[in-house]
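# Inside the fold
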Amino acid sequence: MKHFINLKDIKTKDLRNIILDAKKRKNYRRKLNTLEVDKGSPLKGKLLIQMFEKSSLRTRLSFYLAIKQLGGGTITLRSNELHLGQGSESIADTAKILSTYGDGFMLRTDDDNKLEKFKKYLSIPVINGLSPSSHPTQVLSDIFTVEEIKKKSISNLNICWIGDSNNVLNSLIAASVKLSFNLRIGCPKKFQPNLEVINWVKKNKRKINIYNDPVKAAYNADVIFSDKVISLNDKVNKKKKLIEFKKFKINKKLFSHAKKDCIFLHCLPRGNEVTDEIFLGKRSCVWLQALNRVHVQKSILLYCFGKLG
Ligand code: CP
Ligand code: NVA
């Protein structure tokens, strides 16, 4: 049984196997309809329980499609509808019950400790569907999208992130270490990745480049990533933070410092961090990026269930 909580804890070989499997499955499905099941129905009879403590559109739907296309099923819970969410049942007991009824558990949480506690008490795999510190399923899928479009390994590309040092960036940093790619980050000094993250990168003998000037970060980029300035877990002065990010808005002028064929990616939902011209423009691949979550999460599920090739 394998969990999928943080990219840092997953072997590079396994991350590469997940991407490879997703590529094969996506190719194979080209002629299949949305709910048709993959050959061999590899997760036939399996139930994925999804629980959301925070809003979600893409993660919820993409996991629904992912497990269905593998022959299994899913049920989606809101934590506030459970005794757990009311504070009247423990994580330990909840986890025992989830393990009794289900085969896998996907959790979107507002507290990283909950993932660790569930991991301790569950006897089924747990998948992190976004926490304050990381968003691993999103980022692994984004690596898949980059390699699909660019038709080369991400380790041969210049990847740029312009935006807040949030959960998505933390996972991108973890991926840059695991998959050895060049990452340039553009953000205001006050919102740089924290010391713990930087020290982990150093410990792993890698380097990330941080610039407080978005032009320097975007220079020569093959891919520019961004995300909302205000994340779901943000408890900051929102108005003030938005002002501090003003010069980091991604627009045509900033994009002109990247390579001519640079693409734009964004996990969605979006705020004001990017202009419509870029977000809806010809360099943007955000819709394909969202769709690919289905394909990659299928292979993540297979990895967790011990069924990856
Ligand atoms: N990108 C992403 O995780 O979207 P949702 O919050 O809608 O699931
Ligand atoms: N950083 C964003 C990602 C949303 C998918 C958030 O945590 O709200």
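Structure first, text after, so check above.
Here goes a summary of the coordinates provided. Every chain's residues receive numbers from 1 upward, in the order its sequence appears when written. A letter from A marks each chain and a number from 1 marks each ligand, given out in the order of writing. Confidence filtering applies because this is a predicted model: local features only for residues at pLDDT of at least 70, side-chain atom pairs given and counted only at 80 or more, and all residues used for totals across whole chains, interfaces and linings. Values shown for side chains rest on all heavy atoms present in the structure; no hydrogens or waters enter the calculation.

## Concerning the side chain of Ser-62
By definition, any uninterrupted DSSP run of H or I lasting at least four residues is a helix, any uninterrupted run of E lasting at least two residues is a strand, and each is numbered from the N terminus. Take Ser-62: it is sitting in helix α2 (residues 58-69). Within 3.5 Å is the distance limit for a polar contact, defined as a pair of N or O atoms, with the added protein rule that one can donate a hydrogen and the other accept it, and that residues adjacent in sequence qualify only through two side-chain atoms. A polar atom in the side chain of Ser-62 sits 3.3 Å from the backbone oxygen of Thr-59. Two residues qualify as a contact provided that any one of their heavy atoms is within 4.5 Å of a heavy atom in the partner residue. Setting aside its immediate chain neighbours within four residues, Ser-62 contacts Arg-293, Val-294 and Gln-297.

## Here's the deal with the site of ligand 2
Surveying the vicinity of ligand 2 reveals the residues Leu-130, Asn-166, Asn-167, Asp-227, Ser-231, Leu-232 and Leu-268. Asn-167 places a polar side-chain atom, nitrogen or oxygen, 2.8 Å from an oxygen atom of ligand 2. Only the protein chains shown count as cover for residues, and the accessible areas themselves come from Shrake-Rupley with a 1.4 Å probe. Contact with the protein chains covers 94% of the free accessible surface of ligand 2, which is 270 Å². In this classification, the charged set is Asp, Glu, Lys and Arg, the nonpolar set is Ala, Val, Leu, Ile, Met, Phe, Trp, Tyr, Cys and Pro, and all remaining amino acids, among them Gly, are polar. Across the shell around ligand 2, the residue classes tally to three nonpolar, three polar and one charged. Being near a molecule or strand, for a residue, comes down to having at least one heavy atom within 4 Å of it.

## Quick look at the pattern of salt bridges
In what follows, salt bridge is the name for a side-chain nitrogen of Lys or Arg lying within 4 Å of a carboxyl oxygen of Asp or Glu. Across all of its chains, the model carries 16 salt bridges by this definition. The residue Asp-38 makes a salt bridge to Arg-29 at a minimum N-O spacing of 2.6 Å. A single burial state applies to Asp-38 and to Arg-29, both of which are buried. Of the charged contacts in the structure, one is a salt bridge between Lys-241 and Asp-234, with a shortest N-O distance of 2.7 Å. Throughout this description, buried means an accessible area under 20% of the type-specific maximum (1.4 Å probe, protein chains only), exposed means over 50%, and partly exposed covers the range between.

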